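# Results of the structural survey
Now for the letters of each chain:
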Amino acid sequence: MVVKVHGPTFTAATRRVLACLIEKGIDYEIVPLDLLNRAHKDPEYLKLQPFGVVPVIEDGDFTLYESRAILRYYAEKYKSEGTELLGKTVEERGVVEQWLEVEGQNYHPPIDTLIVHLKVFPKMGVPADMKLVEESEEKLAKVLDIYEERLSKSKYLAGDFFSLADLSHLPATEYLVNDIGKDYMIRDRKHVSAWWDDISSRPSWKKVLQL
């Protein structure tokens, strides 16, 4: 059965889901949404996602939203297919979940602020809050220092295997490195830089960027 993915392919959350589907070898169909024309606030879309954000997946009669929940769902449902993304033991699964939480709570928020103020606002003609940009960069630097320490001890965040913990970082880091001129935050940290080169070179991610 083909999974329907509602959401534009340029958003971090939609890209996160697509990367997971590709890693697992799951067939999908992208259902585009015009965010500029507020298609995500349309009554029909709100029946699928009452908070009006992207993405949403339809898997037969089953509907699910929140990108990281979708990652977990497909990694578990198709555990024996494609890339193993959850770890092979309960302990490994616990560490994967830990770094997924870190990504959502500590890593993504400051990058999201940087993206909004340095990429989105300029296109809208809205002035960026440079004080907030500076504060967000400082927060992210502290997080990345912790990542550098972690990645000096293991190839990937959850251990020596690629997992959802790494995959979930791909969209925001792509913007950080290649869109908003903050690549030095990754490149100035030897182990973080090597990790980024590794995960961003995966065929699944290259395919997502071509969509």
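Residues numbered from 1 in each chain as written. Predicted model: local features only at pLDDT ≥ 70, side-chain atom pairs only at ≥ 80, totals over all residues. Heavy atoms only, no water.

## What about the overall build of the chain?
Filter applied, for reference: Here a strand is any run of E in DSSP of at least two residues, a helix any run of H or I of at least four, and the numbering for each starts at the N terminus. Computation of the radius of gyration draws on C-alpha atoms alone. For the globule rule, the value is 2.2 Å times the number of residues to the power 0.38. Exposure categories follow from relative accessible area, calculated using a 1.4 Å probe and restricted to protein chains: below 20% of the type maximum is buried, above 50% is exposed, and the middle band is partly exposed. Contacts: residue pairs with any heavy atoms within 4.5 Å of one another. With residues, only the protein chains shown are counted as cover, and all accessible areas are computed by Shrake-Rupley using a 1.4 Å probe. His is not counted, nor are the chain ends; Lys and Arg add positive charge and Asp and Glu add negative charge. Where a charge sits is defined by one atom per residue type, namely NZ (Lys), CZ (Arg), CG (Asp) or CD (Glu).
Of regular secondary structure, the chain possesses 10 helices and four strands. Relative to the globule expectation of 17 Å for 211 residues, the C-alpha radius of gyration of the chain, 17 Å, shows essentially globular dimensions. For the C-alpha atoms alone, the extent of the chain along its principal axes is close to 50 × 45 × 25 Å. A total of 211 residues make up the chain; the buried ones form 47% of that total. For the chain, the proportion of contacts with a sequence separation of at least 24, taken over those separated by at least 6, is 66%. Carbon and sulfur atoms provide 53% of the accessible area of the chain, an area that totals close to 10500 Å². Counting 28 positive and 35 negative side-chain charges, the chain places the centres of these two groups 1 Å from one another.

## So, a nonpolar patch on the surface
We count it as follows: Nonpolar side chains (Val, Leu, Ile, Met, Phe, Trp, Tyr) are joined into patches within 5 Å and like charges within 9 Å, using only residues with over 30% relative accessible area and no salt bridge. Just to be clear on terms, a salt bridge is a Lys or Arg side-chain nitrogen sitting within 4 Å of an Asp or Glu carboxyl oxygen.
A grouping of Val120, Met124 and Val126 is seen on the molecular surface, where their side chains present a nonpolar patch of about 240 Å² in accessible area. As for its placement among the helices and strands, valine 120 is situated in helix α4 (residues 90–124).

## A short note on the environment of threonine 63
Here threonine 63 lies in strand β4 (residues 62–65). Owing to a relative accessible area of 32%, threonine 63 belongs among the partly exposed residues under this scheme. Taking the C-alpha atoms as reference points, threonine 63 and leucine 132, separated by 69 residues in sequence, lie 36 Å from one another. If we skip the residues at most four places from it in the chain, threonine 63 touches Leu48, Val56, Ile57 and Glu58.

## A closer look at the nonpolar core
The condition is simple: We define a nonpolar core as any set of buried Ala, Val, Leu, Ile, Met, Phe, Trp, Tyr and Cys residues linked to one another through side-chain atoms lying within 4.5 Å. For each domain, the first and last residues come from an automatic or database assignment.
Counting 54 residues, the largest nonpolar core has Tyr74, Tyr147 and Leu164 as the members making the most contacts within it. Ranked by residue count, the leading element in this core is α4, at eight residues. When we break this core down by domain, the ones giving at least three residues each are domain 1 (3–77) and domain 2 (90–210). Those residues in contact with tyrosine 74 that lie beyond four places of it in its chain are Val3, Cys20, Leu21, Lys24, Ile26, Ile57 and Asp59. Among the nonpolar cores identified, the runner-up in size contains five residues, and Leu33, Tyr45, Leu48 and Val54 belong to it.

## Observations regarding helix α5 (residues 130–151)
To be explicit about the condition: Here the expected length of a helix is defined as 1.5 Å per residue gap, with one fewer gap than residues. Working note: the arc is built from the helix axis to C-beta atom directions. Between N or O atoms, a polar contact is any pair within 3.5 Å; within protein, one atom must be a potential hydrogen donor and the other a potential acceptor, and residues adjacent in sequence are included only when both atoms are from side chains.
Helix length check: α5, at 22 residues, gives a terminal C-alpha distance of 30 Å against a target of 32 Å (1.5 Å per residue), a fit within 8%. Here α5 has its buried residues at Val133, Ser136, Glu137, Leu140, Val143, Leu144, Tyr147, Glu148 and Leu151. Looking down the long axis of α5, one finds its buried residues gathered within 155° of arc, a one-sided arrangement. The exposed residues of α5 that point more than 90 degrees off its buried face are Lys131, Lys139, Lys142 and Ile146. Residues of α5 that are buried sit in contact with α4, α7 (170–178), α8 (184–187) and α9 (190–200). Its side-chain oxygen at 3.1 Å from the backbone nitrogen of lysine 131, aspartate 129 defines the N-terminal cap of α5.

## As for the domain arrangement of the chain
Here is the rule: Accessible area, probed at 1.4 Å, shrinks when two parts are joined; the buried area is that loss added up over both.
Taken domain by domain, the chain consists of domain 1 (3–77) and domain 2 (90–210). In this structure, domain 1 and domain 2 have C-alpha centres spaced 21 Å apart. Taken together, the 16 residues of domain 1 in the interface contact 20 residues of domain 2. Between domain 1 and domain 2, the buried area comes to about 1600 Å², and carbon and sulfur atoms account for 60% of it. The three residues of domain 1 that bury the most area against domain 2 are Arg15, Glu23 and Arg72, which together make up 38% of that side's buried surface.

## Looking at the packing of α4 against α7
Heads up, the condition is: In this analysis, axes come from line fits to C-alpha atoms, helices being fitted only over the stretch in contact, and the angle between any two N-to-C directions falls in the range 0 to 180 degrees. Between 65 and 115 degrees an angle is taken as roughly perpendicular, under 35 as roughly parallel, over 145 as roughly antiparallel, and anywhere else as oblique. Whether a crossing is left-handed or right-handed is set by the direction in which the near helix is turned from the far one by less than a right angle, anticlockwise for left-handed and clockwise for right-handed.
Here α4 crosses α7 at 45°, and the two axes come no closer than 10 Å. Taken together, α4 and α7 sit at an angle that is classed as oblique. Taken as a pair, α4 and α7 cross one another with a handedness that is left-handed. Of the residues in α7, those in contact with Tyr107, His108, Ile111, Leu114, Ile115 and Lys119 of α4 are Ala172, Thr173, Tyr175 and Leu176.

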